[in-house]
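Structural features, examined
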Amino acid sequence: MAPKILLDCDTGIDDAITLLYLATLVKAGEAELVAVGTVHGNVAPDVGALNTLRVLERAGLEGVPVAVGAVRPMAQEVAYAHDWHGADGLGETGLPEPTGRPVEISAPEQIIRLGRENPGELTLLAVGPLTNLAIALLLEPSLPTLFREVVVMGGAFDHQGNITSHAEANVWHDPEAAELVLGAGWPITLVPLDATHPTAVDGRWLDRLAEADSEVARFAAQVLEFYATAYTRSLGARGAVIHDALAAMLAVDPSLAEYAERPVRVELRGERTRGTTLWDRRRYADEGDRPAVKVAVGVDATAFQERLLAALL
């Protein structure tokens, strides 16, 4: 059956590419995008909601409910990623206002309502900070029993962080929320930097996209050029890591990755390690009743790159 996806995002550039990818699946009958919620992260959630509507309309997928969520983390100041995504979140493309508008309810309320209305049916795909999910858990403790699965793009284990030396952005933006979500006991697949970074697209991949003559491909190439410029310092060459699209692809086809299952915790107090995701690899480790998380530890990078390019073309 085609997965029914509730997307929680902070629509910057890789979120936009993910929306374009999901729109292709929806049109092909391979997935259903039930709704979208936005959260602080790459941009403010109201900006992210308008970006989401812009991208969905550009992809020809209108009528998907988009709800605005948490404007700040649970226990720290808000921060945005304008250097990576532009002040507008879409590479300073200056797109016009979307035709649609966000729905009235908040993103956490939308998570709860849709979970109650579709018990055991939905995949909750979270590719931004986890504040909306954490708020929903606090409001509805039975939430973990209502979702088929939760796929989270976040964390770093054997890979360096992308905010600090240890912390990945989505977790770092709200460590308390991530700790709550990862310990809640619902079926979680975590897609960390260890899995996303090996899928980085290079200059040739970007050139193949730019050569395409379609509105969606031209838009994708335009926003990714801003992203690739930002990534040059980190990758050492022209390219980009489209993190969120990998999480979406694994939500639809988990066979593209290899996994390990261990409880995952988030460091909350370290002066230099706050936001770090940790797992204990020792065979004799006693994690008490901490639930295990399925972590993507390896991925078919070539298959990811080719499937994503085919969708955008």
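Notes on the structure in this doc start here. Quantities reported herein were computed from a predicted structural model and do not represent experimental measurements.

1. Focus: the sheet that holds strand E5 (residues 149-153)
If you trace the 8 strands from one edge of the open sheet to the other, you get E3-E2-E1-E4-E5-E6-E12-E9, paired in mixed fashion. Strands with a single pairing partner mark the edges of an open sheet, and in this sheet they are strand E3 (66-68) and strand E9 (257-262). The sheet shows a mean angle of 20° between the axes of neighbouring strands, taken without regard to direction. On top of the sheet, helix H11 (residues 243-252) reaches strand E1 (4-9), strand E4 (122-126), E5, strand E6 (188-191), E9 and strand E12 (293-299); it is set at about 160° to E5, its chief contact.

2. As for the nonpolar core
Counting 67 residues, the largest nonpolar core has Trp205 and Leu308 as its most contacted members. In this structure, Trp205 is in contact with Leu224, Ile242, Gln305, Leu308, Leu309 and Leu312, ignoring residues within four places of it in sequence. Ile112, Leu130, Phe157 and Val171 belong to the second-largest nonpolar core, a separate cluster that totals 33 residues.

3. Remarks on the pattern of salt bridges
Across all of its chains, the model carries 19 salt bridges by this definition. Residue Arg58 pairs with Glu215 through a salt bridge whose shortest N-O separation is 3.5 Å. Taken together, the residues span a long stretch of sequence, with Arg58 in helix H2 (residues 45-58) and Glu215 in helix H10 (residues 215-235) at a distance of 157 residues. With relative accessibility at 27%, the residue Arg58 sits in the partly exposed group. Here Arg116 makes a salt bridge to Glu140, at a shortest N to O gap of 2.7 Å. One end of the pair, Arg116, is in helix H4 (residues 107-117); the other, Glu140, is in the loop between helix H5 (131-139) and E5, with 24 residues separating them in the sequence.

Criteria and thresholds
- Residues numbered from 1 in each chain as written.
- Predicted model: local features only at pLDDT ≥ 70, side-chain atom pairs only at ≥ 80, totals over all residues.
- Heavy atoms only, no water.
- Pairing = 2+ DSSP bridges.
- Helix = DSSP H or I, 4+ residues; strand = E, 2+ residues; numbered from the N terminus.
- Axes fitted to C-alpha atoms, helices over the stretch in contact; angles between N-to-C directions.
- Contact = heavy atoms within 4.5 Å.
- Core = buried A, V, L, I, M, F, W, Y, C linked by side-chain atoms within 4.5 Å.
- Buried < 20%, exposed > 50% of the residue type's maximum accessible area, 1.4 Å probe, protein only.
- Salt bridge = Lys/Arg side-chain N within 4 Å of Asp/Glu carboxyl O.

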